[in-house]
Amino acid sequence: MAANDPVRNLALAALDADEMLRDLLVPGADVRLSFSELYRYVNDPAFELSPAAQDKLSADPAAAADLERLIAARPFAYMPRQAAASTSGAVRREVERAVLTLTPSRATPAQVYLGVEIVDLENADVPTHLFVRSPSGAWLRQALPAFSGNRAQVLLEANSAIANALSTPESEVYLR
Amino acid sequence: MTATIENLNLEEGKSEVLRAVLAGIMESSASDGGPRYSERVCRALARIIVCRSYAKPMLELSHLLAIASARDGRYEEVFWGVDRASTGEFRRAFKLFQGIRPDVRVSSNGVRRGHGADVFEISYRRMPLLAALLEFMIMTVGYPAVETMTAGLRQGELADENVLEAARAMQRSLYGYLKDHLPPVQRQRREHHFLGYADAHAGNRSGADVINDDVVMAYWRSYAASEDVDAKTFRSVYDTARRLVVALDAAADRFAGAYARSIGTDLEAGEVDPADVDAVVAAIDADTGPLDQVLETCGDTVKFINVGEADVLNELPLGDSTARRLPVSVLRNAVFGAVQLRISTALRRGVAPVIEIPDPAKGYYTEKLTAYAAIVAGTERLAMAALWSLFEAGRAEAVDLALALAPDLDWGQLARSAAEDADNVVSLDRAGALRQFFAVVPDARGDELAALLADARRTWRGVNRAGFRDGDGEQAVDVIAEATPWVLRLISSVRRTLDRDLGQIDWSGHEHADATSFAEMFGNLYDQGRKR
Amino acid sequence: MSQVAVHILTTEGPVAIQRITEEDPGVSSVICLDGLAQVLPASPAYDAFVRRPIGVIERTTGHGAYRMDVSARIDEGRSWQLAAYIAHIAQQQETSEEVTVFATGEVDSELKVRPVERVSLKLEALARQLDALGFNTEKAIILVPENERDAPSQIGGVPVRRVSTASEALALAGLAAPTSMKVPSGNIPERESGRRVPSWAILAGVVLVAAAFFWIGGDFARWSSLAEQGRILDLEQDMAAVEDTFLGGWRAATYRKWRNVTKPRIGRLDIDGSTLLAEDAAACADKTALEKRRMTQVYTGTAVVCSVEIRAVSDVRGRVVIGRLAYWPNGLGNEDRATRVMRGSHENSGRTWTLEFAQLPEAGAALRLVIISGAVDINGSQPWYQDLLSAHINSAAFAAARDRLQRLGFDTHALDWRRK
């Protein structure tokens, strides 16, 4: 069999490639956060990113950009940054399709009611959760309970990260 | 796009980012914690990347994105709406696309896009790989970039040019990425050395014919003690020979067949076409045989094959030409490869090894053949039990399985009317035939079909394995239905290997000679080691 | 301050109502677990139980949002209502005597106590845990619905009383019945997020409604009667007849507002439609072989559409769903009248329209479904359907018909389907 036999060349090239393939499939020190996980995080309220995955996300600007695009792509409603904070302590953000309110509990001042009201109920899937991007760029997620009529309500600890982020006028909110 | 095999310098570290992406895809999980992409799909993806053979898959992906966007533009809901990227889940997902648009057709085999003669079809079996490719694209060039490149695919009915343009854009993008992250392949010394040895002893033989049982044994005897190449174990030499046999046969097949080759590939100058490399690597990939397909499809839900049986059947090279070309080496590897493994394991643990040469008087090779036959007989029994499960669940796959298990049965009108039309749309005749089939009452003393079903029921009742027990549920039936074609292929593949390749040899002569040869080699390799 | 301790009877044992606190009227009422920020699944039902127009608590207390903390989880049924009602009333009253009440029962909008399930299991659970609760059995009572004739007369010395009304229950618990029903607070929309209604507005509303009752007089009674009978066209014409008289316009407007205030909460209307498809027209005959597919606005497939089935379900009890389904083989409104108009079949919570096509829909064929919902079914002539079933949804004619029904206390929804 001649050294420049095309069959032989192809076979050896394939074996070399196969070896490289096997080598590539042995995980190294770094494992990227997959898009599948980001997609589940955005669309499945029951799915939580593990602390390790959250660490990866915060250290991976490309994955963070993918996440942002996923959340921002075709949301039910988007609530941009606000000009100024409310002086009353209550928060209200209103866009065409939804109203978000944060109302301190009278019964337990350490807790607040997050209310989401939507319009156009019959022409769209109701949102199942909201995402808040804090001014630092970190994402927070809050699952919404089933809507009763056009309203869903969650009771939050007033000092929780999500309540704080929602109270911050510079944060952005996506309903999905 | 061509590459010369002389250009084989490894750029260390360049591939770490790529490795991290592939690892991310391999580790992405379904909701039950299992892998979202099967190992086979991950390997196929890596093959596309390493061989840079992404042109055709990218075109397929582009068509699939166009179809998946047909409902409301949200292709992600199809690709990631399926929990596990499997054939069955994509089949279920695309059921919802039936009749959604005139240019999109859904059949039982796959989805089609286009009109008249200009139709592009993508099978459900191909979709897991295309989903992994899309995930790879997003993880490398970024989701926003992919969204931009595929924006033209989400605008209702499309001209083919839109699809081609998106495919080209994604190809360009991936080409740019791989230019920075994929190092050239490294020349593998082991295979090159073995093939050089085989060539030197080939006489006037060529191609895979240069490798036979004698060459394998002679190479091992010559180089087992060598420091230059890694050939100490018979198993490593057998594996090298096997890989070369498969690669050479697949390469010869590529050149014999009328495969479209990239323009400008200069074969005389040693250039190779990426699509050819991809095809040969796919052939080398040992895990694409029917056994792996059965194990992958069944998971822990249905135990057509248990772990012990899989270990034994793994000794048989199914789905390639190894058993035909190297029949004796197959059993030498199974028997003496295992003996040598026990020796090296003991040495690694610091234990004095015991060299256990099997007794030729007991017919150790024929014993092996009997063991393979026994396992495949058990699998056939499980296939019969599976018929009852599918029949009871009213699954159409029961008909196909019954036809496979009892091909001589007089199916009469039932078999004739069960044929599907060109579009795989269930015709009324098929519906009628199915109704007739499922109306049969199992009866051991009844006509052939009734008796077959009674046999299946009796077998079912005698089996106690996962997936074959009353109450194992609908999921088990789904898995049985999906796995059955692979099980049948496994059975026929093992039978063919045993009957055609391994059954024609006088094993008793080999048993005596090999016991002596291997005892001598093991003695040389390990007794000297112990003396040192 | 009330000394009445109220427990909800459950099959897992009694659950104490720990406290009831007024919340901002802009939020929905919630049941929370033991002071935590953990909202129990029964909360939407509790909100409906509290808030006007269905809810009985706001009618009594004049406030529409509460937080009720309970000591353990309660299920999503309605059997907690009697205990919750008693607890709400108790909170409003000063009592010096310590009383412990265990109660189970559903309370309807007329404050009748309705039967609930598994009362015997709840009483058994109470019996097992009675000793551990530590209360004065001589100043305790167990209240169950009237139909529980097999209930024991006492458990651990605590008498078991069957009650048919909430006022009976209150009396047995040593509480006074509320002196009068609080008047609904004016013409405030059902809920306006985050906006609190100032007390002066409530007062003004009370005065306004009281005046309205006085001035409307006989008109009010007649119109209410017509409305209850579902004679909506008669109602509309009767009101039109007085609108030109002295103060008649004001009276009609006031009555319309009253009807809007008292109409059932809009709630959620779930609409789900299916098309049943076959390969060809002949195959439509075999109903078992038809392919059922979810209805979308436009059908672009190639199969024959044999029939359609649409179901509309309301999640608000007492909301009546009616409507018509019109078939336009040559496109919506392109002929003098629809080829077929279906009334739909009544169900407890909604209505189902089924249309088996005699003339199969070809390209351009259209369906229009109009759903009207309100407090009663509509009897007699309904001229508004003419425009509702034929005019474009964004047209003035459609809007006029919809507004006409809106003024009479009905909500209108329309859905279009067509074959491309």
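Located above this text is the structure these notes cover.
All residue numbers refer to position in the chain's written sequence, counted from 1. Each chain gets a letter, beginning with A, and each ligand a number, beginning with 1, in the order they are written. A pLDDT threshold of at least 70 governs which residues receive local features in this predicted model, and a stricter bar of 80 or more applies before side-chain atom pairs are shown or counted, although totals over entire chains, interfaces and linings include all residues. With hydrogens and water stripped out, all remaining heavy atoms of the structure feed into the side-chain values.

Looking now at the pattern of salt bridges. The term salt bridge refers to a pairing of a side-chain nitrogen on Lys or Arg with a carboxyl oxygen on Asp or Glu at a separation within 4 Å. Tallying each qualifying case throughout the model produces 60 salt bridges over all chains. Between Arg243(B) and Asp18(A) there is a salt bridge, with its nearest N and O atoms 2.6 Å apart. A residue pair is termed interchain when its members come from two chains, as with Arg243(B) in helix α11 (residues 234-256) and Asp18(A) in helix α1 (residues 6-24). Each member of the pair, Arg243(B) together with Asp18(A), is buried. In this structure, the salt-bridge partner of Arg51(C) is Asp47(C), at a minimum N-O distance of 3.6 Å. Buried means the residue's accessible area, taken with a 1.4 Å probe over protein chains only, is under 20% of the maximum for its type, while exposed means over 50%, and partly exposed covers the values in between. Look at Arg51(C) and you get buried, because its relative accessible area is 8%. By relative accessible area, which is 10% here, Asp47(C) ends up buried. Taken together, the shared-partner salt bridges connect Asp18(A), Glu19(A), Arg22(A), Glu191(B) and Arg243(B) into one network. Helix and strand definitions follow DSSP, with helices as H or I runs of at least four residues and strands as E runs of at least two, each counted in order from the N terminus.

This part is about the interface of chain A and chain B. The contact rule is simple, with two residues in contact once any of their heavy atoms fall within 4.5 Å. Chain A puts 40 residues into the contact, and the matching count from chain B is 70 residues. When chain A packs against chain B, close to 4900 Å² is buried across both sides, 67% of that on carbon and sulfur atoms. At the surface where chain A touches chain B, the tally comes to 6 salt bridges. A salt bridge links Asp23(A) to Arg19(B), with the shortest nitrogen-to-oxygen separation between them at 3.4 Å. Here the quantity called buried area is the total loss of accessible area, with a 1.4 Å probe, experienced by two parts when brought into contact, counted for both.

Here we come to unusual backbone geometry. Positive phi, close to 50°, is recorded for Arg74(A), a residue that is not glycine. Despite not being glycine, Asp34(C) shows a phi value in the positive range, around 55°. You can see Asp34(C) is positioned in the loop between β3 (30-33) and α1 (43-50). Residue classification places Asp34(C) among the partly exposed positions, given a relative accessible area of 44%.

Between two packed helices, the angle of one axis relative to the other and the distance separating the axes together describe the packing. Residues and elements named next belong to chain C. Axis geometry follows a simple rule: fit a line to the C-alpha atoms, using only the stretch in contact for helices, then measure angles between N-to-C directions, giving values from 0 to 180 degrees. It is the contact of α1 with helix α3 (residues 81-92), at a shortest axis distance of 12 Å, that shows an interaxial angle of 50°. With respect to each other, α1 and α3 are oriented oblique. The element α1 and its partner α3 pack so that their crossing is right-handed. For the pair formed by α1 and α3, the contact residues are Tyr 46, Phe 49 and Val 50 on the first element and Gln 81, Ala 84, Tyr 85 and His 88 on the second. For this scheme, ten residues count as nonpolar: Ala, Val, Leu, Ile, Met, Phe, Trp, Tyr, Cys and Pro. Four count as charged, namely Asp, Glu, Lys and Arg, and the remainder, Gly too, count as polar. A class-by-class count of the residues in the contact of α1 with α3 yields 5 nonpolar, 2 polar and no charged. Every angle not falling under 35 degrees, over 145, or within 65 to 115 is termed oblique; those three ranges are roughly parallel, roughly antiparallel and roughly perpendicular. Rotating anticlockwise by less than a right angle from the far helix to the near helix defines a left-handed crossing, while the corresponding clockwise rotation defines a right-handed one.

Here the focus is helix α13 (residues 290-298) of chain B. Residues and elements named next belong to chain B. Of the positions making up α13, those classed as buried are Pro 290, Leu 291, Gln 293, Val 294 and Cys 298. Across the axial projection of α13, the buried residues extend over an arc of 165°, all falling on one side. Where α13 is buried, its residues meet α2 (39-51), α14 (307-313) and α22 (473-502). Looking one or two places after α13, you find Gly 299, whose phi comes out positive at around 55°. Our arc is simply the arc of the directions from the helix axis toward the C-beta atoms.

By a widely used convention, the size of an interface equals the accessible area lost when the partners come together. Every contact between the two is made by 6 residues of chain B and, on the other side, 6 residues of chain C. When chain B packs against chain C, the two sides together hide about 470 Å² of surface, and 47% of this comes from carbon and sulfur. For the pair chain B and chain C, the interface holds 0 salt bridges. N or O atoms within 3.5 Å of each other form a polar contact, as long as, within protein, one can give a hydrogen and the other can take it, and as long as residues adjacent in sequence are counted only when both atoms are side-chain atoms. Across the contact surface, chain B and chain C share 4 residue pairs in polar contact (both at pLDDT 80 or more).

Inspection of helix α12 (residues 274-284) of chain B places Pro274(B), Asp276(B), Val277(B), Asp278(B), Val280(B), Val281(B) and Ile284(B) among the buried residues, and these make up the whole buried set. For α12(B), the capping residue at the N-terminal end is Asp273(B), with a side-chain oxygen 2.8 Å from the backbone nitrogen of Ala275(B).

What follows is about the side chain of Arg242(B). Residue and element names in this part refer to chain B. For Arg 242, the location among the structural elements is in helix α11. Reaching out from Arg 242, the side chain makes a polar contact with the side chain of Asp 320 at a distance of 2.9 Å. Setting aside chain neighbours within four positions, we find Arg 242 in contact with Pro 317, Leu 318, Asp 320, Thr 322 and Leu 326.

Regular strands have side chains that alternate between both faces of the sheet. All names here are of chain C. By the criterion of burial, strand β5 (residues 99-103) is predominantly enclosed, with 5 of the 5 residues buried. Covered by surrounding structure in β5 are Val 99, Val 101 and Ala 103 together with Thr 100 and Phe 102, the residues of both alternating faces. By the bridge criterion, 5 bridges tie strand β1 (residues 4-8) to β5 in an arrangement that is parallel. When the sheet's bridge partners are listed, Val 6 is paired in β5 with Val 101. Whether two strands pair comes down to DSSP finding at least two bridges between them. Pairing of β5 with strand β8 (residues 140-145), which is carried by 4 bridges, proceeds in the parallel orientation. Residue pairing in the sheet places Phe 102 in a bridge with Ile 142 of β8.

A few words on the state of the cysteines. All names here are of chain C. Two cysteine sulfurs form a disulfide in these notes if their separation is within 2.5 Å. Evaluated as defined, the whole model comprises 1 disulfide over all chains. Between Cys 284 and Cys 306 runs a disulfide, and the two sulfur atoms are separated by 1.9 Å. Across the S-S bond linking Cys 284 and Cys 306, the dihedral sits near -75°, which makes this disulfide left-handed. Remark: Cys 306 occurs in strand β14 (residues 304-314) and Cys 284 occurs in the loop between β11 (269-278) and β12 (291-294); sequence separation between them is 22 residues. This pair shows no difference in class: Cys 284 is buried, exactly as Cys 306 is.

As a further point, take the sheet that holds strand β8 (residues 172-175) of chain A. Residue and element names in this part refer to chain A. Read across the open sheet, the 4 strands follow the order β1-β8-β5-β6; overall the sheet is antiparallel. The sheet is open, and its two borders are formed by β1 (77-79) and β6 (139-143), each paired with just one other strand. In this sheet, neighbouring strand axes are inclined to one another by 15° on average, regardless of whether the strands run parallel or antiparallel. Pairing geometry for β1 and β8, over 3 bridges, is antiparallel. Looking at the pairing, Ala 77 lines up with Leu 175 of β8.

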